[in-house]
Amino acid sequence: MPSNPELKLMTNLLKFPGVKVINYSFISEIGVVLCLENIEKEAACIHCGAKTSKLHQNNQLTIRDLPLGEQAVYLKINRRQMTCQKCGKKFTEELSYVQKKRTYTTRFRKKIVIEVLNSDIKNVAERNGVSEQEIETMLKDLSEEILNEKPKNLKRLGIDEIALVKGQKKYCAVLVDLDKRVIVGLLEDRTESAIVEYLESWGEEVLEQIIEVSIDMWKPYKSVANKLMPKAEVVADRFHVMKQVNEELDQGRREAKKEVKALTKKKDEKIKNTILSVLTKSKYVLLKNQSDLNIEEKVKLEEIYKVAPILGMKHQLKEEFREIFIKQKNWVDGLLKLGDWIAKALEYFPESCGTIRRWIGEIIAYFDNRTTQGAVEGINNKLKLIKRRAYGFRNFNNFKLRSFLVWHFAG
Ligand SMILES: [Zn+2]
């Protein structure tokens, strides 16, 4: 029989509240077996909450726990069935470290799931001496717990989307806690009704805490935010605004090329070739931030300015637009600068100017808190990686499950 100090040490090492180790043995080829006993004689009724000490029957079982070095560890526990002295109903007591009907501790499950995320089910099953089916059950249980969890302390919400299948115009909505940089929702459908339904499932308590919602300039998102989070400020994501200006600049580049190609007279041949050689492969130089260009790229940009002055002017305006977002620190200055910019740019960027006017309130909201979806980009890249690696995760729910598991265990 082990001595009391030994048992006390084992109990402390085990770190489970409410139980003590009363015996242990080592069985070769199997591992360490610890016998546990509940410290409390009473258990709380799962129906009415009253504490009761009336035992209905004992229920001995053996469960897996985290290994000790190379040794597997088994726990012999007693999950008691009690009869409530208040409501009279029978119940099986709740234990903090093991779920009902499961033969392993929650922390053992966590270890296995983390291994699966970095490997595959078959390997992990062999390595740990558990069946593949058991691992699938672990994944299913855990995902249900995680997917039903509500976000805690969510202040800034980002709503964005990613293309699930490359080249297809099918998007899923990604909801992100912008402060913690974690996914708080992944919806197959980015329709307004789907997002409303999902957000409503969080309940008012969560929604009322949100002070800012960052969106791309898509009307349904704005209407969702106004409907469900009336106190939150809606901010147009700066990178999405910039993207639109860049797209229009690129449109200008293509038009310039087309115009030159339309020159057919013999005498224009030489100038046509010169301009075309400058405009070829000019997209990157035009769209990249000017301050990030290397010397060769700067030379290329100067050539563009020379042979295609209107395109040069558009590029100049794009850079001025970018500056506004870097330099302005409050919404009044931001608004004034944007007004100046629109006056100059209207002729060259009619579409972007239209969008900016329609979304001016959400765009200038940026200048006060400088909230962006910068975090979302990293998250989207990670999601794409998961999608690629998601062997055996063929449908959306499996993809979602794996994504949530990755974020759940990343922190
Ligand atoms: Zn009861």
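What comes next concerns the included structure. (Residues numbered from 1 in each chain as written. Predicted model: local features only at pLDDT ≥ 70, side-chain atom pairs only at ≥ 80, totals over all residues. Heavy atoms only, no water.)

The next subject is the sheet that holds strand β10 (residues 156–163). Strand pairing in a sheet takes place through backbone hydrogen bonds and is either antiparallel or parallel in direction. Taken in spatial order, the 5 strands of this open sheet run β12-β11-β10-β13-β14, and their pairing is mixed. Lying at the two open borders of the sheet, with one neighbouring strand each, are β12 (182–187) and β14 (233–236). Neighbouring strand axes in the sheet, compared pairwise and without regard to direction, differ in orientation by 25° on average. The pairing of β10 with strand β11 (residues 171–177) spans 7 bridges and is classified as antiparallel. Residue pairing across strands places Asp 160 opposite Val 174, the latter belonging to β11. (Pairing = 2+ DSSP bridges. Helix = DSSP H or I, 4+ residues; strand = E, 2+ residues; numbered from the N terminus. Axes fitted to C-alpha atoms, helices over the stretch in contact; angles between N-to-C directions.)

Before going further, it helps to spend a moment on the environment of Glu 37. When you line up the elements, Glu 37 lands in strand β2 (residues 31–38). For Glu 37, a relative accessible area of 34% corresponds to the partly exposed category. Between the alpha carbons of Glu 37 and Glu 302 there is a distance of 80 Å; along the sequence they are 265 residues apart. Setting aside anything within four residues of it in sequence, one finds Glu 37 in contact with Gly 18, Val 19, Lys 20 and Ile 22. (Buried < 20%, exposed > 50% of the residue type's maximum accessible area, 1.4 Å probe, protein only. Contact = heavy atoms within 4.5 Å.)

Next up on the list: a nonpolar patch on the surface. Among the surface-exposed residues, Trp 331, Val 332, Leu 335 and Leu 336 lie close enough to one another that they form a single nonpolar patch of about 360 Å² accessible area. By secondary structure assignment, the location of Leu 335 is in helix α13 (residues 331–345). For Leu 335, a relative accessible area of 34% puts it in the partly exposed group. (Patch = residues over 30% accessible without salt bridge, like charges linked within 9 Å, V, L, I, M, F, W, Y side chains within 5 Å. Areas by Shrake-Rupley, 256 points an atom, 1.4 Å probe, with all protein chains shown as cover. Salt bridge = Lys/Arg side-chain N within 4 Å of Asp/Glu carboxyl O.)

Within the largest apolar cluster, 62 residues are counted, with the highest numbers of intra-cluster contacts made by Leu 157, Leu 199, Trp 202 and Trp 341. Discounting residues that sit within four places of it in the chain, Leu 157 has contacts with Leu 175, Val 176, Leu 178, Val 184, Leu 199, Trp 202, Ile 210, Glu 212, Val 213, Ser 214 and Met 229. Grouped together as the second largest cluster of nonpolar side chains are 34 residues, Val 130, Met 138, Ala 375 and Trp 407 included. (Core = buried A, V, L, I, M, F, W, Y, C linked by side-chain atoms within 4.5 Å.)

Take the packing of aromatic side chains next. Scanning the model with the defined rule gives 9 aromatic pairs in all. Taking 5.7 Å as the distance between ring centres and 40° as the angle between the ring planes, the aromatic pair formed by Trp 341 and Phe 349 counts as tilted. Take Trp 341 and Phe 349: they sit in the same class, and that class is buried. Taken together through their ring pairs, the aromatic side chains of Phe 321, Phe 325, Trp 341, Phe 349, Tyr 366 and Phe 367 make up a single cluster. Directly above the ring of Trp 218 sits Arg 190, whose terminal nitrogen or CZ lies 4.0 Å from the centroid. Sitting over the ring of Trp 359, Lys 222 keeps its end group 5.2 Å from the ring centre. (Phe/Tyr/Trp six-rings, centres within 6.5 Å; stacked < 30°, edge-to-face > 60°. Lys NZ or Arg CZ within 6 Å of the ring centre and 35° of its normal.)

This part covers the coordination of the zinc ion. Each angle at a metal carrying four tetrahedral donors should ideally be 109.5 degrees, and each at a metal carrying six octahedral donors should ideally be 90 or 180 degrees. Around the zinc ion, the protein supplies Cys 45 (SG), Cys 48 (SG), Cys 84 (SG) and Cys 87 (SG) as donor atoms, at distances of 2.3 to 2.4 Å. Viewed at the metal, the 4 donor atoms of the zinc ion are separated by angles of 103 to 119°, and the geometry they form is tetrahedral. Motif for the zinc ion, donor spacing along one chain: C-x2-C-x35-C-x2-C. (Donors = N, O, S within 2.8 Å, 3.2 Å for Na, K, Ca; no water. Tetrahedral: all angles 85-135°; square planar, octahedral: opposite > 155°, others 65-115°.)

Considering all chains together, one arrives at 25 salt bridges under this definition. Residue Lys 222 pairs with Glu 362 through a salt bridge whose shortest N-O separation is 3.1 Å. Of this pair, Lys 222 sits in helix α7 (residues 219–228) while Glu 362 sits in helix α15 (residues 360–364); the two residues are 140 residues apart in sequence, bridging distant segments of the chain. Among the residues examined, Glu 362 registers a relative accessible area of 11% and is labelled buried. Where Lys 283 meets Asp 250, a salt bridge forms, and the shortest distance between an N and an O atom there is 3.8 Å. Residue Lys 283 is found in helix α10 (residues 283–287), and its partner Asp 250 is found in helix α8 (residues 238–261); the two are separated by 33 residues along the sequence.

A few words on the environment of Lys 327. Along the chain, Lys 327 falls in helix α12 (residues 309–327). Its relative accessible area of 52% is what places Lys 327 among the exposed residues. Note: C-alpha distance between Lys 327 and Phe 367 (40 residues apart in sequence) is 9.4 Å. Within polar-contact distance, the side chain of Lys 327 engages the side chain of Glu 323 at 2.7 Å. (Polar contact = N/O pair within 3.5 Å; in protein donor to acceptor, adjacent residues only side chain to side chain.)

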